[in-house]
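# Descriptive structure summary
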Number of protein chains: 2
Amino acid sequence: MYMSPTPIETSATLVPWHNTAGRSAHEQRLHAHEALFCEGDEAGFLYEVVDGVMCNYRILLDGRRQIISFAYPGDLIGLGHTESHRFSCEAVCDARVRSIPKAALLRDAQGQAHVGHRLLEIATAELADMQEHQLLLGRKSAMEKLASFLLMLACRSKGEGAKTARFNLPMTRTDIADYLGMTIETVSRNLTKLKVLGVIDLPQTTRVIICDMDKLEELAEGDDAAF
Amino acid sequence: MYMSPTPIETSATLVPWHNTAGRSAHEQRLHAHEALFCEGDEAGFLYEVVDGVMCNYRILLDGRRQIISFAYPGDLIGLGHTESHRFSCEAVCDARVRSIPKAALLRDAQGQAHVGHRLLEIATAELADMQEHQLLLGRKSAMEKLASFLLMLACRSKGEGAKTARFNLPMTRTDIADYLGMTIETVSRNLTKLKVLGVIDLPQTTRVIICDMDKLEELAEGDDAAF
DNA sequence: CGTGAGGTTGATCGCTTTCAACGGAGGTGG
DNA sequence: CCACCTCCGTTGAAAGCGATCAACCTCACG
């Protein structure tokens, strides 16, 4: 059974069209690994993650998969689409999403400047994340990738409560591997290595405790004096 | 000496704020390898490439570099920035850019809906390109990366004149390597391999002729029956 | 003609992948 | 209740692809 991940941030104020009129944004439940939409599907809606974690990915003919991004509660999925979706999207664990009619949203964006502005803001934030991800995919070693990934998750879960960095990994090793552009075996080996080094602890396979944040940051940036 | 690349597409209608009032967008000339701005610089302007090719990149502490994207005439640089630039930008070859005050543009976006809409359109197109690029970086082999890259350039230079795919490579092997997440040696070896296979011809190091487009497409998608 | 930057090619190394076996957790059915 | 099965994760051994190190080439330019 997949654990429902702790909500990372409240989405209360993030998406301004929540309250717009009585346009009842329809909510949808997905089980772990269930698809929300596939590459090529007609793209009539955008989606806001309400609970759980989703992932956007692209696949090659032979099945190789690259996860573009994980979407946490409050995140918006589907921007950047034309009439058809340019990537696939599925639930990493049990999740809930709210669907938003695209046409209506774009109409709002034309009429209400702040909605358009907010959309642009979201799109550019996504661009920034993807730039970081490209640097990771193209130029970092396996250990650097993994350390960067853990830091990202730790950062996302800030404010989860205690200041000590503890968080769940809602995604499988396969998901992590497909996000970082490596294999599950390499993910597993390097997690073990981090554990042996005392940088992290893994009480369960889905639970991470960061013991030495400084060292993890060094490892993420390639200060290879670390090991 | 770097050859000035043939303009890929006219920018006449692409960017709507050309003509907005007498706000004289300042034009700027850059020599090959000259920086337009660096990561961390204050971001007061966006830039439209007028001529030549620019590249956006990020670097790690130890100098490893990942080129995020190449910007051709008509392309807009600098979206997705907050107060400071999140990446560096420099000229691949001699180039001309037009700087656009960011504050004014955003003001326009608030006032004129079509400007905001166009900006969002540009941002989402960029997102789509980056998704493709991530798939390439994370999951493709060296040969697949290179074949995909050549196809992209061929596609960009469509309408350059003849329908035969011939185009210049304004960027050095180092630039190509840093865009594809590999080394210059591997780029060079695989270009040679493509030449030997009769898929492409390289009359000069900066000039590419695609001889067998079908095979190149197979190679780009990993139909590895090809070699 | 000398020089230096960019490009190619060869030889070797090593990190990551691949192939394979094993272990644990959860679910199901006898 | 336990045997069994499947999925997921870990670990080991071997292979391979791309990186690294190094030499050489080409060409533009002073």
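Here the structure is shown first, and the text comes after it.
One structure accompanies this document, and this report is about it. Given the structure is predicted, the values throughout are model-derived calculations rather than measurements. (Residues numbered from 1 in each chain as written. Chains lettered and ligands numbered in written order. Predicted model: local features only at pLDDT ≥ 70, side-chain atom pairs only at ≥ 80, totals over all residues. Heavy atoms only, no water.)

All names here are of chain A. The full count for this structure, using the stated rule, is twelve aromatic pairs over all chains. For the ring pair Phe70 and Phe149, a centre distance of 6.3 Å and an interplane angle of 50 degrees mean the geometry is tilted. Of this pair, Phe70 sits in strand E5 (residues 65-71) while Phe149 sits in helix H3 (residues 142-156), and the two are 79 residues apart along the sequence. Judged by its relative accessible area of 4%, Phe70 falls in the buried class. (Phe/Tyr/Trp six-rings, centres within 6.5 Å; stacked < 30°, edge-to-face > 60°. Helix = DSSP H or I, 4+ residues; strand = E, 2+ residues; numbered from the N terminus. Buried < 20%, exposed > 50% of the residue type's maximum accessible area, 1.4 Å probe, protein only.)

Time to look at the pairing of strand E3 (residues 45-51) of chain B. All names here are of chain B. Of all seven residues making up E3, six are buried, and the element is well covered by its neighbours. Of the strand pairs in this sheet, E3 and strand E8 (residues 95-101) are connected by six bridges, and their pairing is antiparallel. By the bridge assignment, Val49 is partnered in E8 with Val97. Pairing geometry for E3 and strand E6 (residues 76-77), over two bridges, is antiparallel. Looking across to E6, one finds that Tyr47 is bridged to Ile77. (Pairing = 2+ DSSP bridges.)

Here the focus is the protein's contact with DNA strand C. Contacts to DNA strand C come from 17 residues, most closely from Ala142, Thr186 and Arg189 of chain A together with Arg173 and Thr192 of chain B. Those atoms of DNA strand C that come within 4 Å of the protein belong to sugar or phosphate at a rate of 63%. Side-chain polar atom of Glu185 of chain A to a base nitrogen of DNA strand C: 3.2 Å apart, as the coordinates give it. At a separation of 2.9 Å, a base nitrogen of DNA strand C approaches a polar side-chain atom of Arg189 of chain B. Here the element with the most residues in the surface near DNA strand C is helix H5 (residues 184-196) of chain B; it accounts for four residues. (Near = heavy atom within 4 Å. Polar contact = N/O pair within 3.5 Å; in protein donor to acceptor, adjacent residues only side chain to side chain.)

Further remarks concern the pattern of salt bridges. Oppositely charged side chains can form a pair if their charged atoms are brought close together. One pass over the structure, following the stated rule, counts 26 salt bridges over all chains. Glu132 of chain B serves as the salt-bridge partner of Arg58 of chain A, at 2.2 Å between the closest nitrogen and oxygen. Of the two residues, Arg58 of chain A sits in strand E4 (residues 54-59) while Glu132 of chain B sits in helix H2 (residues 113-139), which places them in two different chains. With a relative accessible area of 37%, Glu132 of chain B lands in the partly exposed category. A salt bridge links Glu121 of chain A to Arg118 of chain A; the shortest N-O distance between them is 2.7 Å. Of the two residues, Glu121 of chain A and Arg118 of chain A both sit in helix H2 (residues 113-139), three residues apart, roughly one turn of that helix. What emerges from the salt-bridge pattern is a single network uniting Arg65, Glu90, Asp175 and Asp178 of chain A together with Arg139 of chain B. (Salt bridge = Lys/Arg side-chain N within 4 Å of Asp/Glu carboxyl O.)

Further remarks concern the interface of chain B and chain A. Contact with chain B, which involves 42 residues of that partner, is made by 42 residues of chain A. Area buried by chain B at its contact with chain A is led by Gln131, Gln134 and Arg139 of chain B, which between them contribute 20% of it. Counting across the interface, chain B meets chain A through six salt bridges. Salt-bridge contacts for Glu144 of chain B lead to Arg64 of chain A; the nearest nitrogen and oxygen are separated by 2.9 Å. Summed over the shared surface of chain B and chain A, the number is 18 residue pairs in polar contact (both at pLDDT 80 or more). Those elements that provide at least two residues to the side of chain B that touches chain A are strand E5 (65-71), helix H1 (102-111), H2 and helix H4 (173-180) of chain B. If one sorts the elements of the side of chain B that touches chain A by residue count, H2 of chain B sits on top with 18 residues. Across the side of chain B that touches chain A, the residue classes break down as 18 nonpolar, twelve polar and twelve charged. (Contact = heavy atoms within 4.5 Å. Buried area = accessible area lost by both parts, 1.4 Å probe. Nonpolar A, V, L, I, M, F, W, Y, C, P; charged D, E, K, R; others polar.)

A word on the side chain of His133 of chain A. Along the chain, His133 of chain A falls in helix H2. A distance of 3.3 Å separates a polar side-chain atom of His133 of chain A from the backbone oxygen of Ile68 of chain A. Sequence-distant contacts of His133 of chain A, defined by excluding residues within four places in its chain, comprise Gln66, Ile67, Ile68 and Tyr179 of chain A together with Gln134 of chain B.

Before going further, it helps to examine the sheet that holds strand E6 (residues 76-77) of chain A. Residue and element names in this part refer to chain A. Read across the sheet, four strands follow the order E1-E8-E3-E6 without closing on themselves; strand pairing throughout is antiparallel. Single-partner strands in this sheet number two, and they are strand E1 (26-30) and E6. Relative to strand E8 (residues 95-101), E1 runs antiparallel, the two being bridged by five bridges. Paired with Glu27 across the bridge in E8 is Arg98. In the packing of helix H1 (residues 102-111) onto the sheet, contacts are made with strand E3 (45-51) and E8, and the angle to E8 comes to roughly 60 degrees. (Axes fitted to C-alpha atoms, helices over the stretch in contact; angles between N-to-C directions.)

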